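# Descriptive structure summary
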Amino acid sequence: MRPEPLVKMVNEIARFFEDAQGGDAEFEIAQHLRRFWTPVMREGLLGHWRAAGEASGLTPLAARALACLENMPGKAR
């Protein structure tokens, strides 16, 4: 799966949760990705983020959410 659509979607989700959740936004975004994204989507986005780092196109909040997701047990399931 190409990373561009995934980056766009997670950045949109991050904008929503930033306004709605405030301080817990990273965790809430990570939970959203676990609940509603397929393992292929999650792993594709995580792989892109790991490889591209700051050049990934992710907003800072989206990148923090991926760090949170990466540390969750069973992230790929």
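So, here's what we can say about the structure. (Residues numbered from 1 in each chain as written. Predicted model: local features only at pLDDT ≥ 70, side-chain atom pairs only at ≥ 80, totals over all residues. Heavy atoms only, no water.)

Turning our attention to the environment of R2. With respect to the secondary-structure elements, R2 resides in the segment before helix 1 (3-21). The sequence separation of R2 and A20 amounts to 18 residues, and the corresponding C-alpha distance is 28 Å. (Helix = DSSP H or I, 4+ residues; strand = E, 2+ residues; numbered from the N terminus.)

Turning our eyes to something else, we now look at the packing of aromatic side chains. The full count for this structure, using the stated rule, is one aromatic pair. Between F16 and F17 the ring centres are 5.2 Å apart and the planes differ by 85°, which places this aromatic pair in the edge-to-face class. (Phe/Tyr/Trp six-rings, centres within 6.5 Å; stacked < 30°, edge-to-face > 60°.)

Every α-helix carries 3.6 residues per turn, so stepping three or four residues along brings you back to the same face. Here helix 3 (residues 39-52) is 14 residues long and its end C-alpha atoms lie 20 Å apart, about the 20 Å a rise of 1.5 Å per residue gives. For helix 3, the complete set of buried residues consists of M41, R42, L45, L46, H48 and W49. Down the axis of helix 3, the smallest arc covering the buried residues is 160°, so these residues share one side. In this structure, helix 3 carries V40 and A51 as exposed residues pointing more than 90 degrees from its buried face. Once helix 3 ends, the next one or two residues include G53, with phi positive near 55°. (Expected span 1.5 Å × (residues − 1). Buried < 20%, exposed > 50% of the residue type's maximum accessible area, 1.4 Å probe, protein only. Arc of directions from axis to C-beta.)

With respect to the helices and strands, the residue F17 is situated in helix 1. The exposure class assigned to F17 is buried, which follows from its relative accessible area of 12%. For the pair F17 and P39, spaced 22 residues apart in sequence, the C-alpha to C-alpha distance is 21 Å.

This part takes up the nonpolar core. Grouped together as the largest cluster of nonpolar side chains are 23 residues, with contacts concentrated most on V10, I29, L33, W37, L45, L58 and L66. Counting residues per element, the ones that place at least two in this core are helix 1, helix 2 (25-36), helix 3 and helix 4 (60-70). Ignoring sequence-local partners within four residues, the contact set of L58 consists of V7, V10, N11, L45, W49, A63 and L66. (Core = buried A, V, L, I, M, F, W, Y, C linked by side-chain atoms within 4.5 Å. Contact = heavy atoms within 4.5 Å.)

Purely spatial values, then, with no claim about function.
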